[in-house]
Amino acid sequence: MANIITDETIEYVGILAKLALSEDEKKQAKKDMGRMLDYIDKLAALDTTEIEPMSHVFSVQNVFREDVVTNGDESEKTLKNAPGEKDNMFMVPKTFD
Amino acid sequence: MDILAYSAVELSAAIKAGKVTAVEAMEAVFARIDEKESTVNAYVTIDREQAFKTATITQEKIEKGELTGMLAGVPVAIKDNLCTEGIRTTCSSKILENFVPTFSAEAVLNLEKAGAVMIGKTNMDEFAMGSTTETSAYGVTRNPWNTDHVPGGSSGGSAAAVAAGECFFALGSDTGGSIRQPASFCGVVGLKPTYGTVSRYGLVAYGSSLDQIGPLTKNVADCAAVLEAIASHDTKDSTSVERKDTDFTTALIDDVKGMKIGIPRDYFGEGLDSEVKDAVFAAAKTLAAKGAVVEEFDLSLVEYAIPTYYTIAAAEASSNLERFDGIKYGYRAASYKGLHDMYKKTRSEGFGAEVKRRIMLGSFVLSSGYYDAYYLKALKVKAMIKKAFDEAFAKYDLILGPVAPTTAPKIGESLSDPLKMYLGDIYTISVNLAGLPGISLPCGIDTKGLPIGLQLIADSFQEKRLIQAAYTYEQTYSKEMR
Amino acid sequence: MAKQYETVIGLEVHVELATKTKIFCGCSTAFGGAPNTHTCPVCTGMPGSLPVLNKQVVNYAMAVGLATNCTITQYCKFDRKNYFYPDNPQNYQISQLYLPICRNGYVDIETSEGKKSVGIHEIHMEEDAGKLIHDEWEDCSLVDYNRSGVPLIEIVSEPDMRSAEEVIAYLEKLRMIVQYLGVSDCKLNEGSMRADVNLSVREVGAETFGTRTEMKNLNSFRAITHAIAGERERQIELLETGQQVTQETRRWDDTKEYSYAMRSKEDAQDYRYFPDPDLVPVYISDAWLQQVRDNQPEFREEKMARYKKEFDIPEYDIGIITDSKHLADLFEETVAICGQPKKVSNWLMGETLRLLKEKNMDPEDICFSPQNLARLIGLVDSKAVNSTVAKEIFEVMFAEDIDPEKYVEEKGLKTVNDEGALRKIIEEVIAANPQSVEDYRGGKQKAIGFLVGQTMKAMKGKADPGMVNKVLKELL
């Protein structure tokens, strides 16, 4: 089933993950991902029809905060590590034309 | 007495008794760091000035009787994926090379409250993805037992620092074995607590449903004391569990009479090194001789744990690591054309190969058309694996097995074949999938002179059983070693 | 004969909830702070931070669900929606896909075509994004995360609407429900209520839906109406010329009255939803559900029916007063104090609406208290002030909620009820206006009006017009 990974798949996943891979990296990624998925396909052998997917191991539920303001002005901390800053805001490349 | 020969708890007792000061302990640690660090490379960041400053203040507090805990005055190393306010936290990645957190992880704060004094931040596999500490952007860490070998990973820096005496104990994180496996490779004790026992607030997430913070220590008593200090119910972590039984040091009892221990036959098949196998079986016999009821059984589904784990962990990681985008903190590519190019260049230059590999895999298994076949399927198998453990723990108090199939491999041997490296996680990762506690402790040394680890696994919230059995074994083992 | 087309519309309405804090952290949701002053590690996506759910958000979402006849999902979860954009600090938005809190509801609307039901597919809880500001000088954008993490509910309708009129009626209905619940300010123009329009066209009588487009950035009823007309036309034109409608997201430009596709090859629209491992499931017990049900307010329809029974005021007035929860509350509270529904209604329908219109304000912006309105009515009733003075006082009260009784005292506005004093003034007025007196005596009844006016002027308005009339007639 390794053939599901095509050049287009790698291209597409690169867009989703925001990774620009070099040609060599793409070749390697195609190989690695194909092998890994073949290995993961082992799981298909298990009958899971009656099984509920488990996203949390424990049945902890209803963890809430009360609607009370606990934070003050933390903008100085917030912006401390910003690679680009202006007027107390994060500076980013233009988002629209 | 050589200060470095003390365990953490012994050191604190000696400081409180006035035999040694926290500053002297710190001096001893730094003397060892100066001697070893150039070859071992256990740390990414060391803050010598801050360490001595804090040690001095801590000594004063101890003298005034303000600090009385079991870890007061003890120098500690922190894995570099735990946020430390004002101290660079890199996750051993280029993308966070200049990131200075504005808050400290809850576990770190708990240690500060207990009076432990931070030395610095330890090296790791980048974003905790790896089993050798070779994927770090800040150089490999070497195994203090034999510097041609890896220390294991991803908490390799923490394990190596403890083994080399470059700290008295360390914190690590364990998503698929990242505390237990390096502890095993470096001959120290490492414990992965029940999911939810230690707050994840301030731990830079890899696989959020699997990550737990835990201790790496010189012995089981230290391990219990550290776990007691860091375990807490934290309202900032929704998955944090409220436990009343966190007095783990009360379980340091030399007795396993009547304890039922199961050995999964499936753990001793193909791929397991014979020396490891022999050492682990010998450990089982030691516990049986102490009165434990030891028998073999079929755990089932063991071979499915790795594909399940890598699907879930990669999926969560692909999402958790989206925030590293060059906007709010960390590395930003020097030149780019527009927003999307900035994202791509920043992330491609900032992440290493293994991290990119897992992000790609994770993005794929969540993508449209594959979610059910891969991600949802993995969540279902996870439920089955949990059930298999539930059934095992209906019969046994503990499960005993190896930590890893082999002892520490040589540097450079593992990365060329990722899948083969992943297979090395076979004995540790199902514990994370099921949210269970597991401990790794030394049980022998192979003919290459490298440590062998023994793993004990307990049912959820049964750390005390784990600690009691590990302590009992350690009493006999350390006598034999002398 | 030309083909007849039917427009099929479904709406995704985002409502910003009026909680004090954000959905996953203790930062304030208040408007108007300097950039990034309402932020913390959680709502700016700092490494190691974790979300904890604000319980009030669940209460509010449930209340809206119950009011829109939804089934409440008693075991619901949060999922991550993954996409990269600078206003989204984690590059995933915490939302609900697999188990949204409300499903399968409806609301009834009324248009010129009659009554109809619009189905609600689901309502889910999610977090808002930050704000992007374009910086012309540096040719870059700037991000402010103050709105990042403000709680939203997204109300997704079924494709049940067929015209802009129905869409507006549906939105008005939602606005009313949300406002009566007090869970949001619900202002379209301020962004606390936002609507995305999904629209397709098909030939009348067709069984299947056509390909739909989604239009964003619609921030007024006017924009929605124009966008619907424009998009309907665009799609029909495509079909008539043998082309196909592409399923896409389009952005409405209200100044150019034109929509354009928000297409980008970097935009795969594959959100890779999966359950958020950092949040635990929400289990809503029957008791909790009942508690929210018990706390539901009286909605407009019920209120109108009750007013009709309880108060002797025109149906038209009831309609206007109940059109705003705030106005209705003000009405009821004032009536509770003074017991005069008709007079309270008159003040609201007359002066209040006039001033709102004049000052371009919403009923929610009214600041005067029911106590003060009741006092003013009392002053008029006891003839302490006449209606002209009362209106003047009301304007001041409308502006700054003054206590009319104190105000009258301070400004000396009390009507002079001393008949002797009044008689003296009137005598002077009569003496000063012989012509009018003559006219009146000669049979010109209207002339008395002028004399009343002169008297009021001399009294600086502080006279009871009834008494002035009476005394004047006596003296003449």
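Residues numbered from 1 in each chain as written. Chains lettered and ligands numbered in written order. Predicted model: local features only at pLDDT ≥ 70, side-chain atom pairs only at ≥ 80, totals over all residues.

Engineer: Sorry if this is basic, but what is going on with the interface of chain C and chain A here?
Structural biologist: When the parts of a complex come together, some accessible area is lost, and that lost area is often used as the size of the interface. Contacts between chain C and chain A engage 41 residues on the former and 33 residues on the latter. At five residues, the largest contribution of residues to the side of chain C that touches chain A is made by strand 10 (residues 140-144) of chain C. Counted by class, the side of chain C that touches chain A contains 21 nonpolar, 11 polar and nine charged residues. Two strands pair when backbone bridges link them, and strand 3 (residues 89-93) of chain A and strand 10 of chain C are joined in this way by four bridges, in the antiparallel orientation. By the bridge assignment for strand 10 of chain C, Met91(A) is matched with Leu142(C). (Contact = placed C-beta atoms within 7 Å. Helix = DSSP H or I, 4+ residues; strand = E, 2+ residues; numbered from the N terminus. Nonpolar A, V, L, I, M, F, W, Y, C, P; charged D, E, K, R; others polar. Pairing = 2+ DSSP bridges.)

Engineer: Help me understand the nonpolar core in this model?
Structural biologist: Side chains of nonpolar character tend, in soluble globular proteins, to be buried together. Counting residues in hydrophobic clusters, the biggest one holds 262 residues, and the most contacted among them are Leu71(B), Val76(B), Ala61(C) and Val64(C). Beyond its immediate sequence surroundings of up to four residues, Leu71(B) is in contact with Ala8(B), Ser12(B), Leu111(B), Ala114(B), Gly115(B), Ala116(B), Ala225(B), Val226(B) and Ala229(B). Ranked by size, the runner-up nonpolar core spans 27 residues in total, among them Leu327(C), Leu330(C), Leu348(C) and Ile377(C). (Core = buried A, V, L, I, M, F, W, Y, C linked by C-beta atoms within 7 Å. Buried ≥ 20, exposed ≤ 12 C-beta atoms within 10 Å, placed from the backbone.)

Engineer: When you look at the sheet that holds strand 16 (residues 274-275) of chain C in this model, what are you seeing that I'm missing?
Structural biologist: Backbone-to-backbone hydrogen bonds join strands into a sheet, with any given pair of strands oriented parallel or antiparallel. All names here are of chain C. One open sheet accounts for three strands, arranged 6-5-16; its pairing is antiparallel. Each edge of the open sheet is held by one strand with a lone partner, namely strand 6 (92-95) and strand 16. One ladder, built from two bridges, connects strand 5 (residues 79-82) with strand 16; its direction is antiparallel. Across the sheet, Asp79 pairs through a bridge with Pro275, a residue of strand 16.

Engineer: What is the right way to read the interface of chain A and chain B from this model?
Structural biologist: Each side of the interface is counted separately: chain A has 38 residues, and chain B has 53 residues. For the side of chain A that touches chain B, the secondary-structure elements that each account for two or more residues are helix 1 (7-17), helix 2 (23-40) and strand 3 of chain A. Per-element accounting of the side of chain A that touches chain B gives the leading share, seven residues, to helix 2 of chain A. When its residues are assigned to classes, the side of chain A that touches chain B shows 25 nonpolar, five polar and eight charged.

Engineer: I would appreciate a short explanation of the domain arrangement of chain C in the present structure.
Structural biologist: The domain boundaries assigned to chain C delineate domain 1 (5-289), domain 2 (298-411) and domain 3 (419-475). In this structure, domain 1 of chain C and domain 3 of chain C have C-alpha centres spaced 66 Å apart. (Domains from an automatic or database assignment.)

Engineer: Sorry if this is basic, but what is going on with the packing of helix 7 (residues 325-338) of chain C against helix 9 (residues 370-381) of chain C here?
Structural biologist: Helix packing for two helices is described by the angle between their axes and how far apart those axes are. Residues and elements named next belong to chain C. Remark: helix 7 packs on helix 9, axes separated minimally by 8 Å, with the N-to-C direction vectors making an angle of 50°. Relative to helix 9, the element helix 7 is oriented oblique. The way helix 7 lies across helix 9 gives a crossing that is right-handed. In this structure, helix 7 contributes Leu330, Glu333, Thr334, Ile337 and Cys338 to the contact, and helix 9 contributes Pro370, Gln371, Leu373, Ala374, Ile377 and Gly378. Taken together, the residues of the contact of helix 7 with helix 9 sort by class into seven nonpolar, three polar and one charged. (Axes fitted to C-alpha atoms, helices over the stretch in contact; angles between N-to-C directions. Parallel < 35°, antiparallel > 145°, perpendicular 65-115°, else oblique. Left-handed = near helix turned anticlockwise from the far one by under 90°.)

Engineer: Which parts of the structure should I look at to understand the environment of Asp185(C)?
Structural biologist: Residue and element names in this part refer to chain C. Along the polypeptide, Asp185 turns up in the loop between helix 2 (164-181) and strand 12 (193-203). Between the C-alpha atom of Asp185 and that of Glu364, which follows or precedes it by 179 residues, the distance is 8.7 Å. Sequence-distant contacts of Asp185, defined by excluding residues within four places in its chain, comprise Ala18 and Ser192.

Engineer: What exactly am I supposed to notice about unusual backbone geometry here?
Structural biologist: Across the junction of Gly153(B) and Ser154(B), the peptide omega takes the value 10°, indicating a cis bond. Tracing the sequence through the fold places Ser154(B) in the loop between strand 3 (117-122) and helix 5 (156-163). The backbone of Lys18(A) shows a phi angle near 55°, a positive value even though the residue is not glycine. Along the chain, Lys18(A) turns up in the loop between helix 1 and helix 2. The backbone of Arg272(C) sits at a positive phi, close to 45°, despite the residue not being glycine. Assignment of secondary structure puts Arg272(C) in the loop between strand 15 (258-261) and strand 16. Note on Arg272(C): 27 C-beta atoms within 10 Å, which makes it buried.

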